[in-house]
Amino acid sequence: MYCTRKTFIKFFISAFATIIFFISCTTVKKAPINKPFIYNTEITVNGNLIKDEKKRLTADLENYWDDSLKIPKLQKLWFFYVIKNPPTFEERNIIRTKKLMSGYLNSQGYYYAIIKDSVPKFDTIIGHLGLWNKIFHPSKIIPDQIRATVLMNIQPGKNVTIDSTAYILLDSSMQKIADYNKTKSLLKKGTVFSKQNISNELDRLTNLYRDKGYYKFSRDDLFALTDTTDTQLLPLTLDPIELNKLIAEAAKNKRENPKWDIVIKQKPFKDSSKLNQYFVAKTYFYPETKLSDIPDSLITQSNFKEEKNKNLIMRYKEGKFVSRPLKEYTYLHNGNLYNETDFYKTLNTLSRIGAWQQTDARIIPTNKDSLNLYYFLVPAIKQNFSVDLEGSRNTGDFTAGSLFGISTNFTYRNRNVWKQAIQSVTNLRIGTELSFISNTDTITNSLLQSFQVTLSHTYIFPKLIQPFKNWSYLNNLNNKRTLFSVSGTYYDRKDYYRLRSFVGSWGYEWSKNTAGWAWTYKPLNIELYKVDTLTGLINAFVSYPFLRNSIRNGNVVGSNIQLSRVFVGKKNMNNSYSVRFYAEESGLLLSLFSKINDQIFDYAKFESEFIFSHKQKKSELAARFFAGAGIPTSGKSIPAFKQYFLGGPNSMRAWNLRQLGLVSSVASDTINPTGYTDRFGDMALEANIEYRFIIWNFSSVKIGSALFADMGNIWNIQADPTNPNASFDLSRLGKDLAIGVGTGLRFDLSYFLLRFDFGYKLKDPARQYNDGWADLRNLKWVEKRFNGVEVNNWAFQFGINLPF
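Residues numbered from 1 in each chain as written. Predicted model: local features only at pLDDT ≥ 70, side-chain atom pairs only at ≥ 80, totals over all residues. Heavy atoms only, no water.

A few points about the sheet that holds strand β13 (residues 312-316)
Strand order across the open sheet formed by five strands is β12-β13-β11-β15-β14, with mixed pairing between neighbours. If you trace the sheet from one side to the other, it starts and ends with β12 (305-309) and β14 (356-367), each paired once. Taking each pair of neighbouring strands and ignoring which way they run, the sheet shows an average axis angle of 20°. With ten bridges connecting them, β14 and strand β15 (residues 370-379) associate as antiparallel partners. Bridging from a neighbouring strand, proline 365 pairs with leucine 371 of β15. Strand contacts of helix α10 (residues 340-352): β11 (279-286), β14 and β15, with the helix running at about 155° to β14, the strand carrying the most contacts. (Pairing = 2+ DSSP bridges. Helix = DSSP H or I, 4+ residues; strand = E, 2+ residues; numbered from the N terminus. Axes fitted to C-alpha atoms, helices over the stretch in contact; angles between N-to-C directions. Contact = heavy atoms within 4.5 Å.)

Below you can see the structure in the form of structure tokens.
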């Protein structure tokens, strides 16, 4: 019986139910004898709250059980859990838990919550023989156990909301600043009243004043008053009936729509300098500070040479740096009103550009309204040289056998070129692919299959080099860098082709803020390619004609831009997200010049990627979605080195490298005599999901595993009469998608992770029966295509670090 969609869903549900069963397998060790002990705790949040809010409160309240009610549960092999030395059940611990949970709920604005504990549930296990012991200690009997389950039923009630917010400050200038920025308040009318919101508002005001020159002002100088008075009770009345009515109405409003007023006030102070606004008098830099130096002592030393550059003074001894870059990376200049945001922005920028390994600073008042700023910078090692060795293995389904790749990277880095904190990176990469299996059916039948050498050089300028000097918008950007890079490559695919390339680019990197979107823009990207076709590829052209459009001489002249962001969930800190968008074009401007355009690849390329991760203490659920398309504008396919491929250790792991697609086409299977079976497409869609978990810990080494599923394929944008099944058709999308499932082992060695994955082709569009689905009752490891070519339904992958 073949695996239809209905059968697959039933299989998936059965497998999921089996996993749930194993998750529930918990064994208790060293439990108190003849005494009830804590075996399980449960929290139920009731009331008219939205689903997400109930989920958030339930998760957070789990952290507020009294220590004597917390269960010491440890995860063992796979889904087995062990409880060691569980605490004895005592009623007083429940009372302490109620106080802790009530305090938390108050901090979240639930001041009228009702917490009830039900009568603890006791289960007596007679002569218990746990599942763990059944497997590992079949003759060991555990004494009787009295297991207690504690239940907490919580009715949070309505959130207290803010009715009004007022600011009362002792200084008129500070009062004006607070009133002017009141629209940015975090305590707006209708906002949930919580201690955290009030704390955040006090922080906002403190930062606001310190950015306005109030250097000595601190958060301790502010406090918040809460007015819970019900104005309905203020009118005087001697009528007891009317008074009872007012009290009843007030109680009802308090229960159904509680509102409080907040007043932010300034504490009385003895030090009047806290009301002074400070200006920057002088700025000093010590760019040659040693790790052993004491910053405060350097300020008083007089044996430094000095170099002045307008608003700053550089103090040095050896002359390793010039002052010009320090001026460019300083956001707070002499004569400016002290601004703490700009002060830390300067420190952070200097620490990120790479020339210094450590930064520190001191602020010293010189009189009642002036400050001197001192920056102490510890230089990083100026030059270093590194050698890296990489290895990979690729087993083709029906190629020239097993290929083993090895490459060496020689990298030289200079972190202070021309004494201006400019970085340069020079890299030499030499690699080769070897075949240890002889195959007389292919043209290439030798040990050496390919050889590659690449030499690249990059300059990284820690600023934006551009003609708009007075563009004020640039002052608000962070992590600004300009990159200029060139590289040359020679690649020899024995008996198929030789590729020579030269790549040069000029680009910029920046971000709006430290936690915002990161931009990379290359207005000029030039790539020159020269391909020499050899006998093997010429023969492949005969059987695979559309390869001529992809593998040909030509150049890329255009630009590209990338927008990316990595962030953590606001409601759940265990959730992390990564988003990336990319666009590239070639030949757009040069299309106006026909003579030049004939030598340029014309295309537009777009990509998007989304990665989600939910981490627990010993497990992680990760998912990824990728979509990319290269659209040719000249009627030809985009070049092969710009196309997409799937398969290998990091994508569609049930297929070997570049062995998936095109779609359901089996055209590649028919060219076995040439030995060339790499598959490339103009478009790719891929989705991956993976559940990762720890199996065992050995000191600093973690052994883990994963269950994964991959789905995707590659297509051509334009129809090809010689390969009609290779083009994209939305109506055929469900049929065209390939699905692979599998598992693997991961060895986390702290510095890097070794990964061994095994994948099986659950759905292969090239499989010519049952719409590509595998027969679950008769799984086949090897299948024959219609032309007699044998292909594997599985793949073993070796990778370094996680796939996404």
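Back to the write-up after that little detour.
Brief notes about the nonpolar core
Among the nonpolar cores identified, the biggest contains 25 residues, and Leu326, Phe343, Trp356 and Tyr375 are the most heavily contacted of them. With four residues, the single largest contributor to this core is β15. For tryptophan 356, the residues in contact, after removing those within four places along its chain, are Pro287, Phe321, Leu326, Leu350, Ser351, Leu377, Val378, Pro379, Ala380 and Ala421. The next biggest cluster of nonpolar side chains, apart from the first, holds 20 residues, and it includes Ala178, Phe193, Leu205 and Leu208. (Core = buried A, V, L, I, M, F, W, Y, C linked by side-chain atoms within 4.5 Å. Buried < 20%, exposed > 50% of the residue type's maximum accessible area, 1.4 Å probe, protein only.)

Details of the pairing of strand β30 (residues 753-763)
Across the eleven residues that make up β30, a large majority, eight, are buried. Pairing of strand β29 (residues 738-748) with β30, which is carried by ten bridges, proceeds in the antiparallel orientation. Within β30, the residue paired with isoleucine 739 across the bridge is lysine 763. Between β29 and β30, which pair antiparallel in sequence order, lie four residues; one of them, serine 750, sits at a positive phi of approximately 75°.

A word on the packing of helix α2 (residues 51-61) against helix α3 (residues 91-107)
For any two helices packed against each other, one specifies the crossing angle of their axes together with the interaxial distance. Contact geometry of α2 with α3 gives a least axis separation of 11 Å together with a crossing angle of 140°. Considering their axes alone, α2 and α3 lie oblique with respect to each other. Along this stretch, α2 crosses α3, giving a crossing that reads as right-handed. On α3, the residues that touch Arg56, Leu57, Asp60 and Leu61 of α2 are Met101, Tyr104 and Leu105. Of the residues contributing to the contact of α2 with α3, the split by class is five nonpolar, no polar and two charged. (Parallel < 35°, antiparallel > 145°, perpendicular 65-115°, else oblique. Left-handed = near helix turned anticlockwise from the far one by under 90°. Nonpolar A, V, L, I, M, F, W, Y, C, P; charged D, E, K, R; others polar.)

Describing the pattern of salt bridges
Counted by the stated rule, this structure contains 38 salt bridges. With its nearest N and O atoms 3.3 Å apart, the salt bridge here joins arginine 580 to glutamate 609. Placement of arginine 580 in strand β24 (residues 575-586) and of glutamate 609 in strand β25 (residues 603-615) is noted, with a sequence separation of 29 residues between them. Take arginine 580 and glutamate 609: they sit in the same class, and that class is buried. The structure contains a network of salt bridges with shared partners spanning Glu620, Arg653, Glu690, Arg692, Asp710, Arg746, Arg755 and Asp757. (Salt bridge = Lys/Arg side-chain N within 4 Å of Asp/Glu carboxyl O.)

Looking at the side chain of arginine 767
Residue placement: arginine 767 occurs in the loop between β30 and β31 (782-784). A distance of 2.6 Å separates a polar atom in the side chain of arginine 767 from the backbone oxygen of glycine 772. When residues no more than four places from it in sequence are discounted, the contact partners of arginine 767 are Lys761, Leu762, Gly772, Trp773, Ala774, Glu783, Arg785 and Asn793. (Polar contact = N/O pair within 3.5 Å; in protein donor to acceptor, adjacent residues only side chain to side chain.)

Quick look at the packing of aromatic side chains
All told, the structure shown has 39 aromatic pairs when counted by the stated rule. Here phenylalanine 285 and tyrosine 375 contribute two aromatic rings whose centre-to-centre distance is 4.8 Å and whose plane-to-plane angle is 15°, an arrangement assigned as stacked. Of this pair, phenylalanine 285 sits in strand β11 while tyrosine 375 sits in strand β15; the two residues are 90 residues apart in sequence, bridging distant segments of the chain. Taken as a pair, phenylalanine 285 and tyrosine 375 share a single burial class, namely buried. Grouping aromatic residues by their ring pairs yields a cluster made of Tyr215, Tyr278, Phe285, Tyr338, Phe343, Tyr344 and Tyr375. Over the aromatic face of tyrosine 331 sits the side chain of lysine 345, whose NZ or CZ is 4.4 Å from the ring centroid. Above the face of the phenylalanine 567 ring, arginine 565 is positioned so that its terminal group lies 4.5 Å from the ring centre. (Phe/Tyr/Trp six-rings, centres within 6.5 Å; stacked < 30°, edge-to-face > 60°. Lys NZ or Arg CZ within 6 Å of the ring centre and 35° of its normal.)

Quick word on the side chain of asparagine 478
Tracing the backbone through its elements, the reader meets asparagine 478 in strand β20 (residues 478-493). What makes asparagine 478 buried here is its relative accessible area of 8%. Reaching out from asparagine 478, the side chain makes a polar contact with the side chain of lysine 345 at a distance of 3.5 Å.

Some thoughts on the environment of asparagine 725
Within the fold, asparagine 725 resides in the loop between β28 (701-715) and α14 (733-736). Along the backbone, asparagine 725 and glycine 661 are 64 residues apart, and their C-alpha atoms lie at a distance of 9.8 Å.

Comments concerning helix α5 (residues 172-180)
What α5 keeps buried is the set Met174, Gln175, Ile177 and Ala178. Down the axis of α5, the smallest arc covering the buried residues is 160°, so these residues share one side. Residues Ser172, Lys176 and Tyr180 are exposed on α5 and point more than 90 degrees away from its buried face. Looking at the buried residues of α5, the elements they touch are β8 (161-168), α6 (195-211) and β10 (259-266). (Arc of directions from axis to C-beta.)

So, the environment of asparagine 197
Mapped onto the secondary structure, asparagine 197 falls in helix α6. Using a relative accessible area of 22% as the deciding quantity, one classes asparagine 197 as partly exposed. Beyond its immediate chain neighbours, meaning those up to four positions away, asparagine 197 contacts Leu187, Thr191 and Val192. From its side chain, asparagine 197 meets the backbone oxygen of valine 192 in a polar contact 2.8 Å long.

What to know about α10
Compared with the 18 Å implied by 1.5 Å per residue over 13 residues, the 18 Å span of α10 between its first and last C-alpha is a close match. When α10 is considered as a whole, its buried residues turn out to be Glu340, Phe343, Lys345, Thr346, Leu347, Thr349 and Leu350. Check the buried side of α10 and you find it contacts α6, β11, α9 (324-328), β14, β15 and β20. Where α10 begins, the capping side chain belongs to asparagine 339, and its oxygen is found 3.0 Å from the backbone nitrogen of threonine 341. Note on α10: the residue one or two positions beyond its end, glycine 354, has a positive phi of about 100°. (Expected span 1.5 Å × (residues − 1).)

Here we look at the sheet that holds β8
One open sheet holds the three strands; their spatial order is β8-β10-β9, and the pairing between them is mixed. Edge strands, defined here as strands with exactly one partner in the open sheet, are β8 and β9 (222-227). For this sheet, the mean angle separating the axes of adjacent strands, direction not counted, is 25°. Here β9 pairs with β10 via six bridges, running antiparallel. Paired with aspartate 227 across the strands is aspartate 261, a residue of β10. Lying on the sheet, α6 is in contact with β8, β9 and β10; it crosses β9 at an angle near 140°.

Concerning the confidence of the model for the protein chain
For the protein chain, per-residue confidence averages 82 on the pLDDT scale, and 82% of positions sit at 70 or higher. Under a pLDDT of 50 for its full length, residues 20-24 has, in the predicted model, four contacts with residues more than four places off or in other chains. Here residues 128-132 is modelled with pLDDT under 50, and outside its nearest four sequence neighbours on either side it reaches 19 contacts, counting other chains as well. (pLDDT = per-residue confidence, 0-100.)

Section: the environment of serine 424
Looking at the secondary structure, you find serine 424 in strand β18 (residues 422-435). Remark: the alpha-carbon pair of serine 424 and glutamine 383, spanning 41 residues in sequence, is separated by 9.6 Å. Here serine 424 is in contact with Tyr412, Arg413, Asn414, Val417, His457, Thr458 and Tyr459, once residues within four sequence places are set aside.

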